[in-house]
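Take a look at the letters that make up each chain.
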Amino acid sequence: METTAVKQYTFKDFASDQEVRWCPGCDDYVILRSMQKALPEMGLKKEDVVFISGIGCSSRFPYYMDTYGMHGIHGRAPAIATGVKLANPKLSVWVITGDGDAMAIGGNHFIHVIRRNLDLNIVLFNNEIYGLTKGQFSPTSLVGQKTKSSPYGNTQPPFQPGELAIGSQARFFARIGGNNPKDMTDIFIEAEKFKGTSLIEVLQNCVIFNDGCYTKYTDKDVKEDQQIFLEHGKPMIFGKNRDKGLVLNGLKLEVVTIGENGITQEDLLVHNAKEKDPTLHQMLVRLQYPLATGIIRSYDDVTLEEREDALTAQVKSNSKFRKTDDLFFSGETYEIR
Amino acid sequence: MTPVILLTDGYIANGSAPWKIKSIDDMPEIKNNIIKEKKPNWHPYDRDEKTLARTWAIPGTPGLEHRIGGLEKDKVTGNVSYVPENHEYMTKIRAEKIKRVENCIPEIKPEYAQEGDLLVIGWGGTYGTLHSAVKQLYDEYGYKNVGYAHFNYINPLPKNTKELLSKYKKILVCELNNGQFANVLRMNFTGIEFLQFNKIQGLPFGNTELVQKFKQLID
Ligand SMILES: Cc1ncc(C[n+]2csc(CCOP(=O)(O)OP(=O)(O)O)c2C)c(N)n1
Ligand code: SF4
Ligand SMILES: [Mg+2]
């Protein structure tokens, strides 16, 4: 990305003049503001930033950003974004999607865009519900969850977006509470820096159709005890008193207390987000207590653009086709006179 | 930026024909409406007076940042608009833009009789069978009152379609379906009777059945 002679922006430069149509109190506002605050820190030119969304409450996001944007087709933002990025690789392309958009109708696009590792950023607004269509269960709704389309409780086990993503070879996966704008802003900046597809799952509260779905993890009083905020190179420590941590016991993560049973901080696992082997990252993603947040995985790998460029250069240097006509008139063509 | 839907069928897909390959130099230039730099008073939804096409500002162009998408947009600014009158206006102008494509496509020219008792109409992969049946009637059996029109454009229709239809006493629309194009024609040209000949067996028309049907309508 070009960083020279970039104008200094403030968050206001990224706010469009459009009336925001989300319900008052929706976490989507937090995500919007965090993004508007993160962008000036990224050293990008405004015209090089593009937001591509699918359909849903979350997908209205591009209208509220004063950048290029496209409110796309349900579940198809990754396809559109791929085209935008390949057409002009210097752009910073952001996919905005919801749990339904990304994992129900767009499930196929979602796993494949992650697998390919194009340099894109995906922000997944996970409210465990279809918000826009007024509260039907989604692929992340919990078993037993009562919704408009599961009045007696949902019977379908949910996806963990991180588990699905890492299973699809995600190189960058972060998770953050929808009420934590500060860390969210930092994560957006890190995601932009990362070369490859970055997925950020925001635990987004929908005040209307699924209110409180994350309170047991994200409420002020409990969040330090219920979440472990992971930082690369730092011990896996959490708790109000910073006395809890994670160790590996056989093939399971285990919560231990520093000072009990001879445990010291030295015994705790140290977070290595850059590890290629995703085993531990998968375990962290699946953990229910504490809930892992922060950048869980950030493994540098070859991007799709790099592979494409290398292949193009190689084929070009050996190819007998120098111009389009060479290709047109090659193969089994003949002339009728 | 007008969506084009190309209709094709199994017969075209599986058929083969010699094809003169053009050099890229002989092909018409593809022109676009990309706007490269900021102009005073530019709006994303400004339209060309003649074609109603909009300019196209692509990501990476300074100062032209805007948003597009499926929600209805204000006719000038391109911002999301919930104004009822604006929606009506936009619906009509989009239809009008497609209608004006008729200025860019060729007029329809019938083969064989230029006017007369029967006009056979076809579209898509039925050209070969319909054409040879009409040719046979015209050349071999001396029916100089049968014409054939094959439509390559369905929406918009060629500009002179109505004029063409008025030149024949009977019109027979032959389709390998239950009559979709006949219905399109009925919708566009009320007061004209469209007879149908349909076959929906996953098989092409046969020459004998066509010739028999055409004769039956003129004899
Ligand atoms: C092709 C298509 N199918 C269905 C819909 C209806 N629809 C609109 S939004 C939506 C679900 C959105 O859920 P999610 O992605 O979780 O977004 P949220 O509204 O919760 O932010 C559905 C099913 C649609 N607009 N288009
Ligand atoms: S329905 Fe839910 S997700 Fe949608 S805007 Fe309202 S609170 Fe937010
Ligand atoms: Mg949702």
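Scroll up to find the structure this text is about.
One structure accompanies this document, and this report is about it. In every chain, residue numbers begin from 1 and rise along the written sequence. The lettering of chains begins at A and the numbering of ligands begins at 1, in the order of writing. The predicted nature of this model means local features are confined to residues of pLDDT at least 70 and side-chain atom pairs, given and counted, to a pLDDT of 80 or more, with totals for whole chains, interfaces and linings taken over all residues. The basis for the side-chain values is all heavy atoms of the structure; hydrogens and waters are excluded.

1. Comments concerning the coordination of the magnesium ion (ligand 3)
Residues and elements named next belong to chain A. Bound to the magnesium ion (ligand 3) on the protein side are Asp99 (OD), Asn127 (OD1) and Ile129 (O), at distances that span 2.0 to 2.2 Å. The donor set covers N, O and S atoms within 2.8 Å of the metal, switching to 3.2 Å for Na, K and Ca, and it leaves out water, so a site may look short of donors. All donor residues of the magnesium ion (ligand 3) come from one chain, and their arrangement in sequence is D-x27-N-x1-I. Here Asp99, found in helix α3 (residues 99-105), pairs with Ile129, found in the loop between β4 (121-126) and α5 (161-167); they are 30 residues apart in sequence, far enough to count as distant. Ile129 carries the same exposure label as Asp99, and that label is buried. By definition, any uninterrupted DSSP run of H or I lasting at least four residues is a helix, any uninterrupted run of E lasting at least two residues is a strand, and each is numbered from the N terminus. Relative accessible area decides the class of each residue, using a 1.4 Å probe on protein chains only: under 20% of the type maximum gives buried, over 50% gives exposed, and in between gives partly exposed.

2. Quick notes on the site of ligand 1
Residue and element names in this part refer to chain A. Note on terminology: near, applied to a residue and a molecule or strand, indicates that one of the residue's heavy atoms is within 4 Å of it. Contacts to ligand 1 come from 16 residues, most closely from Cys57, Ser58, Asp99, Asp101 and Gly131. Within 3.5 Å is the distance limit for a polar contact, defined as a pair of N or O atoms, with the added protein rule that one can donate a hydrogen and the other accept it, and that residues adjacent in sequence qualify only through two side-chain atoms. Between ligand 1 and the protein, one listed contact pairs an oxygen atom with a side-chain N or O atom of Ser58 at 2.7 Å. The backbone of Gly100 places a nitrogen or oxygen atom 2.9 Å from an oxygen atom of ligand 1. All accessible areas in this document rest on Shrake-Rupley with a 1.4 Å probe, and a residue is counted as covered only by the protein chains that are shown. When ligand 1 is considered free in solution it has 590 Å² of accessible area, and contact with the protein chains removes 73% of it. Broken down by element, the residue count for the shell around ligand 1 peaks at four residues, all from α3. Taken together, the residues that form the shell around ligand 1 break down as six nonpolar, eight polar and two charged. Three classes are used: nonpolar for Ala, Val, Leu, Ile, Met, Phe, Trp, Tyr, Cys and Pro, charged for Asp, Glu, Lys and Arg, and polar for all others, with Gly counted as polar.

3. Re the nonpolar core
All names here are of chain A. For our purposes a nonpolar core is just a set of buried Ala, Val, Leu, Ile, Met, Phe, Trp, Tyr and Cys residues, chained together by side-chain atoms within 4.5 Å. Membership of the largest hydrophobic core comes to 43 residues, with the highest contact counts inside it found for Ile52, Phe110, Ile114, Leu199 and Leu284. For this core, the leading source of residues is helix α2 (residues 77-87), giving four residues. Every residue pair with non-hydrogen atoms within 4.5 Å of one another is taken to be in contact. Leave out the neighbours within four places in its chain, and Leu199 touches Phe110, Ile114, Ile122, Leu124, Ala165, Phe172, Phe173 and Ala174. By size, the runner-up hydrophobic cluster in this structure holds 34 residues, among which are Tyr9, Leu44, Trp94 and Ala191.

4. So, the pattern of salt bridges
Think of a salt bridge as a Lys or Arg side-chain nitrogen and an Asp or Glu carboxyl oxygen that are within 4 Å of each other. Per the counting criterion, the structure on display carries 22 salt bridges over all chains. For Arg21 of chain A, the salt bridge is made with Glu19 of chain A, and the minimal N-O distance between the two is 4.0 Å. Looking at Arg21 of chain A, the relative accessible area reads 43%, which means it is partly exposed. A salt bridge links Lys169 of chain B to Asp117 of chain B; the nearest nitrogen and oxygen atoms lie 3.1 Å apart. Of this pair, Lys169 of chain B sits in strand β5 (residues 168-175) while Asp117 of chain B sits in strand β3 (residues 116-123); the two residues are 52 residues apart in sequence, bridging distant segments of the chain. The exposed category is assigned to Lys169 of chain B, whose relative accessible area is 71%. Linked through salt bridges whose partners overlap, the residues forming this network are Lys46 and Asp66 of chain A together with Arg67 of chain B.

5. Some words on the packing of helix α3 (residues 127-140) of chain B against helix α6 (residues 207-218) of chain B
Residues and elements named next belong to chain B. Where α3 meets α6, the axes come as close as 9 Å, and the angle between the chain directions of the two elements is 55 degrees. When the axes of α3 and α6 are compared, the pair comes out oblique. Of the two possible hands of crossing, α3 and α6 adopt the one that is right-handed. Of α6, the residues touching α3 (which contributes Thr129, Leu130, Ser132, Ala133, Val134, Gln136 and Leu137) are Asn207, Leu210, Val211, Phe214 and Lys215. Residue composition of the contact of α3 with α6, grouped by class: seven nonpolar, four polar and one charged. What counts as an axis is a line fitted to C-alpha atoms, over the stretch in contact for a helix, and the angles between N-to-C directions run from 0 to 180 degrees. Note that the term roughly parallel is reserved for angles under 35 degrees, roughly antiparallel for angles over 145, roughly perpendicular for angles of 65 to 115, and oblique for everything else. When the near helix sits turned anticlockwise from the far one by under a right angle, the crossing is termed left-handed; a clockwise turn instead gives a right-handed crossing.

6. Quick word on the sheet that holds strand β8 (residues 237-238) of chain A
Residue and element names in this part refer to chain A. Taken together, three strands build an open sheet; the order of strands is β8-β9-β10 and the sheet is antiparallel. Of all the strands in the sheet, just β8 and β10 (252-257) have a single pairing partner and so form its edges. The sheet contact formed by strand β9 (residues 244-249) and β10 spans six bridges and is antiparallel. Paired with Val247 across the bridge in β10 is Glu254. Paired strands are those between which DSSP finds at least two bridges.

7. Observations concerning the interface of chain A and chain B
Facing 27 residues of chain A, the contacting portion of chain B comprises 24 residues. Simply put, the buried area is the total loss of 1.4 Å probe accessible area from both parts when two parts are fitted together. Taken together, both faces of the contact between chain A and chain B bury some 2,000 Å²; the carbon and sulfur share is 58%. Per-residue buried area on chain A facing chain B is highest for Glu47, Tyr63 and Tyr68 of chain A; these three make up 31% of the total on that side. For the interface between chain A and chain B, the tally reads one salt bridge. The salt bridge partner of Arg67 of chain B is Asp66 of chain A, with a shortest N-O separation of 3.3 Å. Our enumeration of links across chain A and chain B arrives at 15 residue pairs in polar contact (both at pLDDT 80 or more). Taken together, the elements giving at least two residues each to the side of chain A that touches chain B come down to β2 (68-71) and α11 (324-328) of chain A.

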